[in-house]
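Listed below, chain by chain, are the residues.
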Amino acid sequence: PGMKTWRAKPKAGYVRMESNSSKVYLCLSADQCNSQNCSAGFAGPLCVDCAAGYRPVRGSCQACSKEPPSRFFWSILAAGALLSLIGLLVYLCLPRSAALAAPAPTAALKWKVLTDLAKAQAPVLLQLCQLWAALAVLSSVTRSVETTSGEGHEEGSNLWISTFWELPYVETLQLSLNAFKDSMALQCSYDGARVRFFGALAAPLLPLLILAACGILEVPYPTKGISAALKVLTLLFIGGASSCANLLSCQYVDGADEPLAEHAFRLHMPFLRCRDDSWQALWVDVVAYSSSFVYGLFIPLLLLHLFTRQHLLMRSCRSVAAVTQPEGAGMAVSLQSLTADGKLSFEDSQLRGRLVAACAARLAVSQQGRRLKLRMMKDVVFLEDLGPSSGSSFDGSIEESMVANWIASEEEIKSGLAVRCRGIAEMLMERRVLEEARSERTLTGAKEIFYKYASCRHVWMEVFLKFVSVSLVSSDVGDFGFQLSLSVCLVTAATIALARPYAQPQVNTLHSSCFASLAMASVGFYQHLPLLSRGALLLPFLIAALQLLRPDSAEALSVRLFDELMMKVEELKDGKEVSLDVELWHFL
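Residues numbered from 1 in each chain as written. Predicted model: local features only at pLDDT ≥ 70, side-chain atom pairs only at ≥ 80, totals over all residues. Heavy atoms only, no water.

Would you mind going over the side chain of Arg-352 with me for this structure?
With respect to the helices, strands and loops of the structure, Arg-352 is situated in helix α10 (residues 348-366). Among all residues touching Arg-352, those that are not within four sequence positions of it are Met-376, Val-569 and Lys-573. (Helix = DSSP H or I, 4+ residues; strand = E, 2+ residues; numbered from the N terminus. Contact = heavy atoms within 4.5 Å.)

So what exactly am I meant to see when it comes to the packing of α10 against helix α19 (residues 554-567) here?
Each packed pair of helices is defined by two parameters, the angle between the axes and the distance between the axes. Taken N-terminus to C-terminus, the directions of α10 and α19 make an angle of 140 degrees; their axes are 8 Å apart at the nearest point. Classified by the interaxial angle, the pair formed by α10 and α19 is oblique. Relative to α19, the crossing made by α10 is right-handed. Between α10 and α19, the contacting residues are Gly-353, Val-356, Ala-357, Ala-360, Leu-363 and Ala-364 on the first element and Ala-554, Leu-557, Ser-558, Leu-561, Phe-562, Leu-565 and Met-566 on the second. (Axes fitted to C-alpha atoms, helices over the stretch in contact; angles between N-to-C directions. Parallel < 35°, antiparallel > 145°, perpendicular 65-115°, else oblique. Left-handed = near helix turned anticlockwise from the far one by under 90°.)

I keep staring at the packing of aromatic side chains and nothing clicks. Help me out?
Note on aromatic pairs: each is described by the distance of the centres and the angle between the planes. The tally for this structure, following the rule as stated, stands at eight aromatic pairs. By the ring-pair criterion, three or more aromatic residues cluster together here, those being Phe-197, Phe-198, Phe-271 and Trp-279. Its end group placed over the ring of Tyr-451, Arg-431 keeps NZ or CZ at 4.6 Å from the ring centre. Between the NZ or CZ atom of Lys-466 and the centre of the ring of Phe-237, over which it lies, the distance is 5.3 Å. (Phe/Tyr/Trp six-rings, centres within 6.5 Å; stacked < 30°, edge-to-face > 60°. Lys NZ or Arg CZ within 6 Å of the ring centre and 35° of its normal.)

I'm lost on empty space enclosed by the protein in this one. Help?
Where empty space is left in the structure can be found by rolling a water-sized probe over the atoms. All told, the structure shown has three cavities of 30 Å³ or more when counted by the stated rule. Lining of the second largest cavity is provided by Met-427, Glu-430, Arg-431, Leu-434, Phe-450, Tyr-451, Tyr-453, Ala-454, Ser-455 and Cys-456. The element contributing the most residues to the lining of the second largest cavity is helix α12 (residues 410-436), with four residues. Looking at the lining of the second largest cavity residue by residue, the class counts come to seven nonpolar, one polar and two charged. (1 Å grid on protein atoms, 1.4 Å probe; cavity = no way out; pocket = protein on both sides within 12 Å on 5 of 7 lines; lining within 4 Å. Points joined across faces, edges and corners; volume = space filled by probe spheres on them. Nonpolar A, V, L, I, M, F, W, Y, C, P; charged D, E, K, R; others polar.)

Honestly, the sheet that holds strand β14 (residues 370-377) in this entry has me stumped. Any pointers?
Sheet strands associate in pairs through backbone hydrogen bonding, adopting either a parallel or an antiparallel arrangement. A sheet is described by the order of its strands in space; here five strands give the open sequence β12-β13-β15-β14-β16, paired in antiparallel fashion. What marks the edges here is a single partner per strand, and that holds for β12 (320-327) and β16 (578-582). Across the sheet, the mean angle separating the axes of adjacent strands is 30 degrees when strand polarity is ignored. Here four bridges tie strand β13 (residues 330-337) to strand β15 (residues 380-388), and the two strands are oriented antiparallel to one another. Bridging from a neighbouring strand, Ala-332 pairs with Phe-382 of β15. Sheet strands touched by α10: β12, β13, β14, β15 and β16. Its angle to β13, the strand with the most contacts, is close to 130 degrees. (Pairing = 2+ DSSP bridges.)

Got a minute to help me understand the pairing of β12 in this structure?
One face of the sheet, then the other: side chains in a regular strand alternate in exactly this way. Note: β12 against β13, eight bridges, orientation antiparallel. Note on β13: the bridge partner recorded for Thr-324 is Val-333. Connecting β12 to the next strand, β13, in antiparallel fashion are two residues, including Gly-328 with a positive phi near 65 degrees.

If you want it as structure tokens, here you go:
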């Protein structure tokens, strides 16, 4: 008599979702299944999970060590991680030292210029690595390809992902609990299903709990909690949002795109089906949807609130303009009101601060490599050129305008410098307003995030980038997911290149190139071109390294001049003359 269908051995690469079922499904990866069922180390529906005694490593499952670390070791490690987290929060909340009491020596000043640019580059490169890892995980979609023999064969996504030896290390930069769990091989010391379940639940919640702790810290230490929370968002937002998206992802088809129907399972918790009614599924849904609301809506709305508050506060400094006129052998800088009555409604100290900002902007843009003498009389500052400055590496042109100098007319160049000067003056005035607005608790705590931008109004970029990050980490797999990721990356790169929102021009170039590289990486992941994906990750780091050879800019110079003049503002107020060098520093 013939064998019953449900007793027949499945063809190699196929498995049953239920032991007594006659229906078989094609595995998602060829390396996960064999003619017997799941390959060694794999288990679960479609063999996507790691069996007991195995742990996930580079998209595959590796046997655990025969002598796993003791629970005492993990307790010590957890305690160390907790203490490190507390130390990080304390560090983020400590007040930073004010500007130096005297001009720094040349070597120290050059080092400060270099480190300031590196600090601005670091969050951009961190975001690049976090999103690159997210795109790599999304590329685990499988596609049927034809072998030379003409038979259908499945190109395993896990096999493809495992070729990226660097991926586990890059994933750790997401600073998520899932990355920590996999790198520490917790499934070898504890029950694998339980570790995966509680790890998946805790991963999106941990950043939110840290943010809540920052909120509690804000009560006894005003502005410190807000400042720490914004730093935490920079570090943990993408990892938390990615972990949240993982909770919601389901596998609805097998490797041949055949519907799994009632057997559809949660991709990152395969033991739970998508339409499960168990208490575990209920907890997953509650955590996933509540976290999605916080990451996708609540946090961007809080940042939008910052944008609104700064818009109201900055109206006063946006109602004045700096005016520069020839005065003998030098220049005279004054302020002009743009209101209907033409009057400047500032206190004396406020007026002096805005005059200093206008002077610093003018010097940084048009007097690089010179030594100037300044003198203040009422509401006018007179600038006198004393000749070339000694020791400056000024090369006669502003690095961001070199191409414009080749293709633009002299009048267009002058107009461009005037626009740049006005923008820098507005940036410095806004910084002065933030320093004066001690009663504005929210804005004072968030002033470091405002200092990133050429104008406080550009803080909309924070909201925009949060939506971009959420859309990338939650993109669907397959053709639509690829097209969405590619479009989002290209649009973001173009937006940053055109808006140029950051205070340091090098960061605008770097951030735009990062999203252009992410677009390249998405093509590489989708088309299985590892060289393109790796090159896309490496390219922004090369750009950042080259930028460090020329770390200074007119914007950074203006901030240094502004700080130096504000330390001497009392001398200027008393009618004394002040001299300073307008030096731009480069290593190449």
